[in-house]
Structure formats: C-alpha cells, structure tokens
Amino acid sequence: METMQLRAELFREMNPLLDNNVMLSKMLAFVRSLFAAQQMEQEAAQKKGYKMQNVSPEIEKWSGCATFTQEEIDSDPRLKAILSR
C-alpha cells in the first residue's frame, strides 16, 4: 500500500475509538512504545559500528575493514589520526 492509503486506513480504523478515553490512552501508549522501540534500534545500530563512506586506501590497507566501533576509534591513536584528517 502507498503511504496515503495506509494513513487513510489507519484513521478509518482509529476513528471509532477516538471518543473513548480509555482506548485513546491505550492507542497513545502503543504509538509511544513503537517510537521508543524505533529509537532503541537506531541507538543500537549507532553503537554497533560506524560504516564509513569513501574509506581511504590507507585505512583499508592498514585495518582491512571499513567498519569501526566508537570504542575502537577512541582507543587506537593511528585510526583516530587518520579519521581526523
């Protein structure tokens, strides 16, 4: 479905529940939990590692990879020096 169709369907399904405070509170809590889960996934992906674009040949040759965790970057002075250029 296209985004507009999905939005229309969502509002059609929600409309009967909007007059009921209990159901409205439950829907709001659910939407907030979806947002919180999305935020946690994004934070976990950021902590997992940084995929660098346009990795210099110097980094590839030295490390053999293009993905580094922030901890690896902070703990290795060579890598930190290369990335700060």
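Refer to the structure printed above.
Model, not experiment: these values are computed from the prediction.

Engineer: Pulling in residues and values, what's your account of the overall build of the chain?
Structural biologist: Within the chain, the regular secondary structure consists of five helices and two strands. Along the chain, from the amino end to the carboxyl end, the secondary structure elements read α-α-β-α-β-α-α. For the chain, the share of sequence-separated contacts (at least 6 apart) that also reach a separation of at least 24 residues comes to 12%. Approximately 7400 Å² of the chain is accessible, and the part contributed by carbon and sulfur atoms is 57%.

Engineer: Can you tell me about helix H1 (residues 3–14), naming the residues and giving the values?
Structural biologist: Between its first and last C-alpha, H1 extends 16 Å over 12 residues, near the 16 Å set by a 1.5 Å rise per residue. The buried count for H1 comes to zero of 12 residues, which makes it a mostly uncovered element.

Engineer: Let's hear about the pattern of salt bridges: which residues, and what values?
Structural biologist: Where charged atoms of side chains with opposite charge meet at close range, the side chains can pair. Tallied over the entire structure, the rule returns one salt bridge. Two residues, Arg-12 and Glu-9, come together in a salt bridge whose shortest N-O distance is 2.8 Å. Here the residue Arg-12 and the residue Glu-9 both occupy positions in helix H1, the gap between them amounting to three residues, near one helical turn.

Definitions and limits used
Residues numbered from 1 in each chain as written. Predicted model: local features only at pLDDT ≥ 70, side-chain atom pairs only at ≥ 80, totals over all residues. Heavy atoms only, no water. Helix = DSSP H or I, 4+ residues; strand = E, 2+ residues; numbered from the N terminus. Contact = heavy atoms within 4.5 Å. Areas by Shrake-Rupley, 256 points an atom, 1.4 Å probe, with all protein chains shown as cover. Expected span 1.5 Å × (residues − 1). Buried < 20%, exposed > 50% of the residue type's maximum accessible area, 1.4 Å probe, protein only. Salt bridge = Lys/Arg side-chain N within 4 Å of Asp/Glu carboxyl O.

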